[in-house]
Amino acid sequence: MPHIDQNAELQTVITTFEMTPGTCQDLLDALQDAYDNFISKQPGFIAAGLHVNDAQTRIANYSQWRRREDFQAMLRSDEMRERNRKINLLCRSFEPVMYDVVQAYG
């Protein structure tokens, strides 16, 4: 489970996907398969969460990695490049963005 803490030494990545309600479940299945069978097994992976809006037109993915380079290595791997080509066909767009936690509440 992700833990949000501004003092944590980790890399946060938030990826947003835009799609139609008709492809939402297919995209969610592809993302779950990627996490179950590949991403969660990569060096430096800490945790992730998938969120779907009520209109099923957006998925937000929050992931945490030990280092920025760990995330980049996973993203550049042959397997993930192939998975991302398939994911790209299921959505209008997707964009992973690296963030630093500035403040956490709660």
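Preceding this section is the structure that the text describes.
Residues numbered from 1 in each chain as written. Predicted model: local features only at pLDDT ≥ 70, side-chain atom pairs only at ≥ 80, totals over all residues. Heavy atoms only, no water.

K.L.:
In this structure, what is going on with the packing of helix α2 (residues 68–76) against helix α3 (residues 78–90)? I would like to understand it.
P.N.:
The description of two packed helices rests on the angle between their axes and on the distance between the axes. Close contact between α2 and α3 brings their axes to 5 Å; oriented N to C, the two are set at 65 degrees. Classed by the angle they form, the pair α2 and α3 counts as roughly perpendicular. The segment α2 lies against α3, with Met74, Leu75 and Arg76 engaging Asp78, Met80, Arg81 and Asn84. Residue composition of the contact of α2 with α3, grouped by class: three nonpolar, one polar and three charged. (Axes fitted to C-alpha atoms, helices over the stretch in contact; angles between N-to-C directions. Helix = DSSP H or I, 4+ residues; strand = E, 2+ residues; numbered from the N terminus. Parallel < 35°, antiparallel > 145°, perpendicular 65-115°, else oblique. Contact = heavy atoms within 4.5 Å. Nonpolar A, V, L, I, M, F, W, Y, C, P; charged D, E, K, R; others polar.)

K.L.:
What is the right way to read the sheet that holds strand β4 (residues 93–99) from this model?
P.N.:
Neighbouring strands of a sheet are bound in pairs by backbone hydrogen bonds; such pairs are parallel or else antiparallel. Read across the sheet, four strands follow the order β2-β3-β1-β4 without closing on themselves; strand pairing throughout is antiparallel. Each having just a single partner strand, β2 (45–52) and β4 make up the two edges of the open sheet. Taken over all neighbouring pairs, the strand axes of this sheet differ in orientation by 15 degrees on average, direction set aside. Taken together, the seven bridges between β2 and strand β3 (residues 58–65) define a ladder with antiparallel strand orientation. Across the sheet, the residue bridging to Val52 is Ile59, located in β3. Most of the contacts of helix α1 (residues 21–37) go to β2, to which it runs at about 170 degrees, and overall it touches β1 (11–18), β2 and β3. Contacts from α2 reach β1, β3 and β4 within the one sheet, and its direction differs from that of β4 by about 160 degrees. (Pairing = 2+ DSSP bridges.)

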